[in-house]
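The chain contents come next:
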Amino acid sequence: MNEKPWHHIVPGMDDTAHLNRLAQATSPYLLQHKHNPVDWWQWGPEALAAARAQNKPILLSIGYAACHWCHVMAHESFEDADTARLMNALFINIKVDREERPDIDQIYMTALHLLGEQGGWPLTMFLTPAGEPVWGGTYFPKDSRFGRPAFKDVLQQLARIFREEPGRVEQNRAALLARLAACAHPEGKVTVGVAELDAAAAQIGNAFDSVNGGLRGAPKFPQPFLLEMLWRAGQREASRNLPPAQRRGGSANAEGVSRGGGSSSIAPPTPDPSPPFAIGPAQEGRTRWLAGGGDSNLFFETVEHSLERMSEGGIYDHLGGGFSRYSVDEKWLVPHFEKMLYDNAQLLELLALAYARSGNKLFRRRAQETVGWLAGEMTTKDGAFCASLDADSEGEEGKFYVWGKNEIIELLGPDAGNFFAWHYDVSDEGNFEGHNILNHLASHPRTEEAEARLATLRQILFEAREQRVRPGRDDKVLADWNGLTITALVNAGVLLGEPDWIAMARRAFDFIAANMTRDVNGEQRLGHSWRAGQLLFPGLASDFTAMTKAALALHEASGERRYLDTALAWQRALDAHYTDAATGGYFLTADDAEGLVLRPHSTADDATPNHNAVAAGNLIRLAVFTGDHAWRDKADRLIDGILATAGQNLFGHVALLNTLDLRLTGAEIVVTGDAPALADAALKLAFTTRIVLRARSADDLPASHPAQEKLKTANGPAAFVCAGERCSLPVTDAAGLADAVAAMRR
């Protein structure tokens, strides 16, 4: 694939200006600051040694390449000679790319939260010469405004406090470090089972906007974790509303075969449905309830409604494909125009699930367009995926994406231009600061003929837009975000019958396995970030968990042993270097990584699922694929160990709750003999709660497997469904496999 020409934005600077230490960096975000008059350091022992030698406090600035307010602060302050002189005189200044070093970002963002600040980027923290946090904030304007002090005033005041009031510095330092340590190991224990998962989903559902979709209010983030949680609740609700014959077991003929495993804090499945969630008192719109069964399922409908509004809103790029990071309004109209790899990966899976259930062509079309965007704009020449696209071009947020009506009329002609404008909310006055963000929120009806015409017109506008100055692309390859994307391509590709998507996933996987993995004393260890031939090593727990999940998805889809072997190698390396023996969970950083003020061990989700939640899901799947119950026991201990944190902040741990749903309600489908039709039918089931194991004969199953004896007596190819503590008799009809799985779940 040919790469398109991209540039990295360095606002207000030319290529012949002063170069600082960041010119030696590989991160596109750090390179954006290589011409700053600030005497920047990259994070590392040399910077900390300089702070200690000069007895200067540290100014730590953390951001990322697609961050709009990071660019604003850089232009206002870091490119300003007077501000830079002050920074250089008073501080050791360290610049960090949060995507390249999420471990550092996690520590100091948590410290900012403990100071009572909401958080965000750019993150501006003031540290002792040893790197310990004392005080901080986010964006500081050059001059006092927005209720925020001027950045130069902040610099002078903090430097004075460090110099003249060491007692205040020590008080903050000690208090923050103590609270950071306490965050890593909270006390307490909770029990969570299916009833609790249902109650949590109901509570989340109550917070959703019945008109616009997504959580009520603004700004609006896609929140894939929450949508997945509602989707899983919909699956559980659907299984409860089966026809009576299937509720009794139907053709699956379930038998009570012991499966083993378990955990003291994981409650067994319960058949009692939780009450359906309600629309809040201030909400109007869809108020259909689920209590009586039937076809209505408000959990599914809420997810599909939210995806539909996002897919028709301005948060979606109707010409080039792909979703922006969030919408600043409650209607999904005005996006924060940056596009992140991880958002699109998670939304791709949800679109595939929604299409497979509903048959709504919009979801399939958006999935196809999003993959097209990944292939055309986010794929390196080696087949891996880039991190993000900037919100800005030519120094203006969204300039690449917005239109004037006169531009559209000029390109399409009056008749076609007005036809397009009516469908995409284009007017002379505009819908965003005098410009137009293309959207279809008005939901004007479109016939097949109209849609075909609009597709032709969109292509004309897309080709015209290609001539504009592009937003900057952060082309570093992150192992964890690539793992999420590979998994999404496999899961969506299998579900929607798109083999080319799986081929894309294989190519990216092979690049990371070959170029971002190092053999260290016989262990296969991943790095975190790759760019320009340079690997940031060692990797993070998130890299191991996301890439292990990707390997398992490829193994399940293809049946190829090499992917399972790679997953096992990475899991063993994770266990060897990241395990927290006290909880059964995993630190973010390796035991032989560069030392920080503390070892990050957050269990809460960020914009991506927490690595502990991903690890638990991997362990559950490894137990099935290998037949080794020790992996399931590790998963149970991990879940048990962090449920205390989930109990204190349940909705900060939604990815863990989604993994717990797999543990409690997942169906293991063993396909035996030469049965491609049965294997395909099994893989077409929702990937959220099914694990497909291929076994040509009884010899391919562990001796302790509950399907072992049945397989020996099976007459020809068959599938066996295990759910909870029970396994079915042979299923030989591919068309009946979905019903057998649903009956077993009941």
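All of the points below concern the structure found in this document. What you see is a predicted model, and the numbers here were worked out from it, not measured in a lab. Numbering of residues starts from 1 in every chain and runs along the sequence as written. pLDDT decides what is reported in this predicted model: residues at 70 or higher carry local features, side-chain atom pairs at 80 or more are listed and counted, and totals for whole chains, interfaces and linings draw on all residues regardless. Hydrogens and water molecules were not included; the side-chain quantities draw on all heavy atoms of the structure.

Quick notes on the overall build of the chain
Now for step 1: Helix and strand definitions here come from DSSP, where helices need a minimum of 4 consecutive H or I residues and strands a minimum of 2 consecutive E residues; each element is numbered from the N-terminal end. Each helix and strand in the chain was counted, giving 26 helices and 21 strands.
Now for step 2: Residue contacts are defined here by distance: any two heavy atoms, one from each residue, within 4.5 Å place the two residues in contact. Once local pairs closer than 6 in sequence are excluded, the contacts in the chain between residues at least 24 apart make up 69%.
Now for step 3: Per element, the accessible surface of the chain, about 28300 Å² overall, is 50% carbon and sulfur. Only the protein chains shown count as cover for residues, with accessible areas throughout obtained via the Shrake-Rupley method and a probe of 1.4 Å.

Quick notes on the state of the cysteines
Now for step 1: For the purposes of this analysis, a disulfide is any pair of cysteine sulfur atoms at a distance within 2.5 Å. Enumeration according to the criterion identifies 1 disulfide in this entry.
Now for step 2: A disulfide bridge connects Cys 67 with Cys 70, and the sulfur atoms are separated by 2.3 Å. Linking Cys 67 and Cys 70, the disulfide has an S-S dihedral of approximately 80° and is accordingly described as right-handed. Side by side, Cys 67 and Cys 70 carry an identical accessibility label, which is buried. Working definition: with a 1.4 Å probe on protein chains only, accessible area under 20% of the residue-type maximum means buried, over 50% means exposed, and in between means partly exposed.

Re the environment of Trp 481
Now for step 1: Among the secondary structure elements, Trp 481 is positioned in helix H17 (residues 479-496).
Now for step 2: The buried category is assigned to Trp 481, whose relative accessible area is 8%.
Now for step 3: The sequence separation of Trp 481 and Ala 546 amounts to 65 residues, and the corresponding C-alpha distance is 7.4 Å.
Now for step 4: For Trp 481, the residues in contact, after removing those within four places along its chain, are Glu 99, Met 340, Leu 341, Tyr 342, Ala 387 and Thr 608.

Description of unusual backbone geometry
Now for step 1: Along the chain, Trp 121 connects to Pro 122 via a cis peptide bond; the corresponding omega equals 10°.
Now for step 2: In this structure, Pro 122 sits in the loop between helix H5 (102-114) and strand E4 (123-127).
Now for step 3: Looking along the chain, the bond that leaves Phe 537 and enters Pro 538 is cis, with omega of 0°.
Now for step 4: Relative to the elements of secondary structure, Pro 538 occurs in the loop between strand E17 (534-536) and helix H19 (541-558).
Now for step 5: In this model, Asp 425 sits at a positive phi of 60°, which is unusual for a non-glycine residue.
Now for step 6: Note that Asp 425 resides in the loop between helix H15 (414-423) and helix H16 (448-465).
Now for step 7: Backbone geometry places Ala 532, a non-glycine residue, at a positive phi of 50°.

Comments concerning the packing of H17 against helix H18 (residues 499-515)
Now for step 1: H18 packs onto H17 with a crossing angle of 155° between their chain directions and a minimal axis gap of 8 Å. If you check the angle between H17 and H18, you find them roughly antiparallel. Seen from above, H17 lies across H18 with left-handed handedness. Contacts between H17 and H18 involve Asn 482, Ile 486, Leu 489, Val 490, Ala 492, Gly 493, Val 494 and Leu 496 from the first element and Trp 501, Ile 502, Met 504, Ala 505, Ala 508, Phe 509 and Ile 512 from the second.
Now for step 2: Three classes are used, and their members are as follows: Ala, Val, Leu, Ile, Met, Phe, Trp, Tyr, Cys and Pro are nonpolar, Asp, Glu, Lys and Arg are charged, and the others, Gly among them, are polar. Across the contact of H17 with H18, the residue classes break down as 13 nonpolar, 2 polar and no charged. Angles here are taken between N-to-C directions and fall from 0 to 180 degrees, while the axes themselves are lines fitted to C-alpha atoms, restricted in helices to the stretch in contact. For classification purposes, angles smaller than 35 degrees are called roughly parallel, those larger than 145 roughly antiparallel, those between 65 and 115 roughly perpendicular, and all remaining angles oblique. Should the near helix be turned counterclockwise from the far one by less than a right angle, the crossing is left-handed, whereas a clockwise turn marks it as right-handed.

Overview of the pattern of salt bridges
Now for step 1: Salt bridge, as used here: a side-chain nitrogen of Lys or Arg that lies within 4 Å of a carboxyl oxygen of Asp or Glu. A complete count under the given rule lists 49 salt bridges for this structure.
Now for step 2: With a shortest N-O distance of 3.4 Å, Asp 209 and Lys 220 are connected by a salt bridge. Here Asp 209 is found in the loop between helix H8 (194-206) and helix H9 (224-240), whereas its partner Lys 220 is found in the loop between H8 and H9, with 11 residues between them in sequence.
Now for step 3: Judged by relative accessible area, Asp 209 falls into the buried class, the value being 7%.
Now for step 4: With a shortest N-O distance of 3.6 Å, Arg 621 and Glu 556 are connected by a salt bridge. With Arg 621 in helix H21 (residues 611-626) and Glu 556 in helix H19, this pair connects stretches of sequence that are 65 residues apart. As far as burial versus exposure is concerned, Arg 621 and Glu 556 are alike and both buried.

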